[in-house]
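Observations on the three-dimensional arrangement
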Amino acid sequence: MTRVYFIQTSEGVMIQAADVPSAISGEGVFTDLVEERVREAASDFTVPDFVFNPSKVLKGGAPKEVTDGLIVAGKLALSVQVKTRDPASASGDPAKEERWIRKHAKKGMGQADGSFRTFRLAGGGRFSNRAGREVDIDADGLIVCNVVVIDHPDPPKVTLDQTGAKNPTLFLLRYEWEFLLGQLCSVYGVHRYVYGVTAFPMVPLGEELVRFNQQVMLGGRSIQRPGNRVDAQPALVDPTLPLIQMGRPLPECEVFWRNLYRSISECNFLPEHERIRLEIMAKLDCLSFSMRNAVAAQVISRLESLTSQLDYLVVQEHSSGIQFVFGLTEVHPSECVPLFNALVHLRHSRHPAVGDEEGKLTIGIMFLKAPRNEVGFTISLVPLVGPPSLTAEQVEEIDALFGGVVPIVSDED
């Protein structure tokens, strides 16, 4: 049955529909197929490189599986457990099905906590992500939230209890999981939401979208009436994030970013440098939508009107000390790489420090305007960290090549 929501936004009322979960197809054990679909949805709506298939670590000399799905971006982690009620086994008795849901939700919560505790004790482990690469994940410092996804053909209204959970835990029906992933568009956004709502009273299964809509409205009010007491509680949904209508094309901004992620994912990194790829993508993942939108608009516009061999755009996220330098060219990258590398070093030398010099991080990415006005991407430089390495003479020489006004997108704008 289609569920329809009327959402009040700053742009008026939007009708939002969330259908029953995506169809399960294929041959095999039904439970395994559902678990795979849950991981596939996370991969489709966020970044495949952040979504990892189940893996095993040793506990007491015996292998133990770590979650049904692990999602990691930077230091943010989601431990996902899936509990499935095969339609052929469902009784149709609401009381009996409620008991099934309560029992398996509690079991899933314990498994999410327990397997991740084992993962921490093992110091981490090697996982295969949805991009098909092996990655060593260090458990140290990860901020973990649990998500227990319940797949049930006809779930009764039941409010579950996360009391006793070691990590913040959210229970979701599968269509709610897919809806939140599709709307929040990033691991950062999903983690922020899960971490935040678990501090609130639990809502019945099937009503998470109502709470999401409340957060959307709260975010809209924070834009319209800054400083008002009603906004003392920060919204858990980025107030500049557009609601994506189910079944409609993605906004141009999101198409741009998904293409960028895919291009970064397809770049050739040595296996021992895989963490650098993931670090770059994780830093991009946590940019606010307003910055993502501004960057997409600036890059597309400036590529369309290129008049020099190399143009560039600087993006500064002040709270974390991250700076991106986006180079823009229409000549073959081999002709621009040395020049662009020098430019990134220059911008790194002028990057305002946060705390101390070691906190400075600059990431350079070059965009190629390909034939037929298509936009291509090529990674030109791995992150620069710490104090600048240029001499005064080098700064002066590079500065002479890139004088004039520097276009900057900042979270302080």
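That block above? That's the structure.
Keep in mind the model is a prediction, meaning the values are calculated, not measured. (Residues numbered from 1 in each chain as written. Predicted model: local features only at pLDDT ≥ 70, side-chain atom pairs only at ≥ 80, totals over all residues. Heavy atoms only, no water.)

Quick look at the pattern of salt bridges now. Considering all chains together, one arrives at 16 salt bridges under this definition. Arg37 is paired through a salt bridge with Asp44; the nearest N and O atoms lie 4.0 Å apart. What makes Arg37 buried here is its relative accessible area of 16%. Classification of Asp44 as partly exposed rests on a relative accessible area of 41%. Its salt-bridge partner being Arg133, residue Glu274 comes within 3.2 Å of it at the nearest N-O pair. Highlighted residues: Glu274 in helix H7 (residues 274-285) and Arg133 in the loop between strand E8 (124-128) and strand E9 (134-138), separated in sequence by 141 residues. (Salt bridge = Lys/Arg side-chain N within 4 Å of Asp/Glu carboxyl O. Buried < 20%, exposed > 50% of the residue type's maximum accessible area, 1.4 Å probe, protein only. Helix = DSSP H or I, 4+ residues; strand = E, 2+ residues; numbered from the N terminus.)

Relative to the elements of secondary structure, Ala88 occurs in the loop between strand E7 (76-84) and helix H2 (94-121). Taking relative accessible area as the criterion, Ala88 reaches 72% and is therefore assigned exposed.

Here we come to the sheet that holds strand E3 (residues 51-52). The five strands are arranged E3-E6-E7-E10-E11 in an open sheet whose pairing can be described as mixed. At either margin of the open sheet sits one strand with a lone partner, and together these are E3 and strand E11 (169-173). Two strands pair when backbone bridges link them, and strand E10 (residues 143-151) and E11 are joined in this way by five bridges, in the parallel orientation. Note on E11: the bridge partner recorded for Val149 is Leu172. Together, E3, strand E6 (69-73), E7 and E10 form the strand contacts of helix H1 (residues 30-45), whose direction differs from that of E7 by roughly 150°. Against the sheet, H2 engages E6, E7, E10 and E11, with an angle of about 145° to E7. (Pairing = 2+ DSSP bridges. Contact = heavy atoms within 4.5 Å. Axes fitted to C-alpha atoms, helices over the stretch in contact; angles between N-to-C directions.)

Everything listed is a geometric property; what it means functionally is a separate question.
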